[in-house]
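Listed here are the chains, written in short residue letters.
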Amino acid sequence: MQFRGYHLFIILLRGNKIFSLDIETLGVESTSVILSIGILYISDTRTRSYQDVLENSIFIKINAKDQIENYKRTVDKNTIEWWKKQGDLQRKYSYVPSSKDVPVTQAIKMCRNWVNSQENTKAMVWTRGSMDSSCLDSLFKAAGEDELFPYNQYRDVRTAIDLIYPNTSKNGYVEVDQDKCPGFSLDLVLKHHPVHDSAADICMLLYGKE
């Protein structure tokens, strides 16, 4: 029996609940300063709007100075130059320091408490590539903490999209079907905001056009 990509994915998912995770950084190494973390949780694969996808999420902005001085986190000059070229709104959410930025110990506690508050802490965790999980694990280790998620919970959303939507995916991206995700628009996605980037990935993964 032959299944369409979307239906095959739903069968493989077996009703599992899923996380999506994204971070913004000051570099491309696992030791890089993490500017912000976004995690969201989806309890099922039913049709839902983009705003509904965003609803159950956490956003944490971490103090960069604390990471550099106390945890030996690194900064890449090219990444700083890249951030300077982004729009004011994009830089505001992650790059520009704020008095509300939390120290590493508080960020870790917030992440763990939020994840543990969800229905299934062993759900799949979707990220785009492996850098985000490596960088997050590295920061937790530097703080003497166990990783937020074990390595075998992570899945690469880019590869999944290419496999689920072989006829419409373009390098790990696919157009979102608004019949499956009413109201989705790229104009609503705040680029380089980790919660929005996580949500956009989940919308493509679950509701892409075949």
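As the structure is a prediction and not an experimental result, all values here were calculated from the model.

**Here we look at the overall build of the chain**
Point 1. Across its full length, the chain carries 9 helices and 5 strands.
Point 2. Order of helices (α) and strands (β) in the chain, N terminus to C terminus: α-β-β-α-β-α-α-α-α-β-α-β-α-α.
Point 3. Relative to a compact globule of 210 residues, whose C-alpha radius of gyration would be 17 Å, the chain shows 17 Å and is just as compact.
Point 4. Summarising the internal contacts of the chain: among those between residues at least 6 apart in sequence, 78% fall at separations of at least 24.

**Focus on the pattern of salt bridges**
Point 1. With the rule as written, the count across this model stands at 8 salt bridges.
Point 2. Across the salt bridge formed by K84 and E81, the nearest N and O atoms sit 3.5 Å from each other. Here E81 and K84 lie together in helix α4 (residues 77-84), a separation of 3 residues that amounts to about one turn.
Point 3. The exposure class of K84 is partly exposed, given its relative accessible area of 49%.
Point 4. E175 serves as the salt-bridge partner of K209, at 3.3 Å between the closest nitrogen and oxygen. Here K209 is found in the segment after α9 (194-207), whereas its partner E175 is found in the loop between α8 (157-164) and α9, with 34 residues between them in sequence.
Point 5. Owing to a relative accessible area of 53%, E175 belongs among the exposed residues under this scheme.

**Observations concerning helix α3 (residues 64-71)**
Point 1. Among all positions in α3, only A64, D66, Q67 and Y71 are buried. The arc that holds the buried residues of α3, viewed along the axis, is 165°, so those residues lie on one side. In α3, the exposed residues that point more than 90 degrees away from the buried face are K65 and E69.
Point 2. Each element contacted by the buried residues of α3 is listed here: β2 (34-42), α6 (104-116) and α7 (131-142).

**Some words on α8**
Point 1. Within the span of α8, buried status applies to V157, A160, I161 and I164. The buried residues of α8 occupy an angular sector of 100° when projected down its axis, which confines them to one face.
Point 2. Looking at where α8 begins, the residue whose side-chain oxygen comes 3.2 Å from the main-chain nitrogen of R158 is D156.

**Things to note about the sheet that holds strand β3 (residues 57-61)**
Point 1. Spatially, the 5 strands line up as an open sheet ordered β3-β2-β1-β4-β5, and their pairing is mixed. The outermost strands of the open sheet, each flanked by one partner alone, are β3 and β5 (154-156). Each neighbouring strand pair of the sheet contributes to a mean axis angle of 25°, computed without reference to strand direction.
Point 2. Against the sheet, α8 engages β4 (124-127) and β5, with an angle of about 50° to β5.

**Considering the packing of aromatic side chains**
Point 1. Scanning all chains against the criterion turns up 7 aromatic pairs.
Point 2. For the ring pair F19 and F149, a centre distance of 5.1 Å and an interplane angle of 55° mean the geometry is tilted. You can see F19 sitting in strand β1 (residues 18-25) and its partner F149 sitting in the loop between α7 and β5, a full 130 residues away along the chain.
Point 3. With relative accessibility at 1%, the residue F149 sits in the buried group.
Point 4. Arranged with centres 5.7 Å apart and planes meeting at 10°, the rings of W83 and Y95 form a pair that is stacked. Here W83 is found in helix α4, whereas its partner Y95 is found in the loop between α5 (88-94) and α6, with 12 residues between them in sequence.
Point 5. Of the residues examined, W83 reaches a relative accessible area of 0% and is grouped as buried.
Point 6. Under the relative-accessibility criterion, Y95 is labelled partly exposed at 21%.

**Some thoughts on the state of the cysteines**
Point 1. Within this structure, the stated rule accounts for 0 disulfides.
Point 2. Of the cysteine sulfurs around C111, a residue in no disulfide, the closest is that of C135, at 12 Å.
Point 3. Residue classification places C135 among the buried positions, given a relative accessible area of 0%.

**Topic: the packing of α8 against α9**
Point 1. Two numbers describe how α8 lies on α9: the axes approach to 9 Å, and their chain directions differ by 25°. Regarding the angle of α8 to α9, the classification is roughly parallel. Both α8 and α9 take part in a crossing whose hand is left-handed. In this structure, α8 contributes V157, A160, I161 and I164 to the contact, and α9 contributes D201, M204 and L205.
Point 2. Across the contact of α8 with α9, the residue classes break down as 6 nonpolar, no polar and 1 charged.

Calculation criteria
Residues numbered from 1 in each chain as written. Predicted model: local features only at pLDDT ≥ 70, side-chain atom pairs only at ≥ 80, totals over all residues. Heavy atoms only, no water. Helix = DSSP H or I, 4+ residues; strand = E, 2+ residues; numbered from the N terminus. Rg over C-alpha atoms; globule rule 2.2 N^0.38 Å. Contact = heavy atoms within 4.5 Å. Salt bridge = Lys/Arg side-chain N within 4 Å of Asp/Glu carboxyl O. Buried < 20%, exposed > 50% of the residue type's maximum accessible area, 1.4 Å probe, protein only. Arc of directions from axis to C-beta. Polar contact = N/O pair within 3.5 Å; in protein donor to acceptor, adjacent residues only side chain to side chain. Pairing = 2+ DSSP bridges. Axes fitted to C-alpha atoms, helices over the stretch in contact; angles between N-to-C directions. Phe/Tyr/Trp six-rings, centres within 6.5 Å; stacked < 30°, edge-to-face > 60°. Disulfide = S-S within 2.5 Å. Parallel < 35°, antiparallel > 145°, perpendicular 65-115°, else oblique. Left-handed = near helix turned anticlockwise from the far one by under 90°. Nonpolar A, V, L, I, M, F, W, Y, C, P; charged D, E, K, R; others polar.

Honestly, that's just the spatial picture; any functional story needs more than this.
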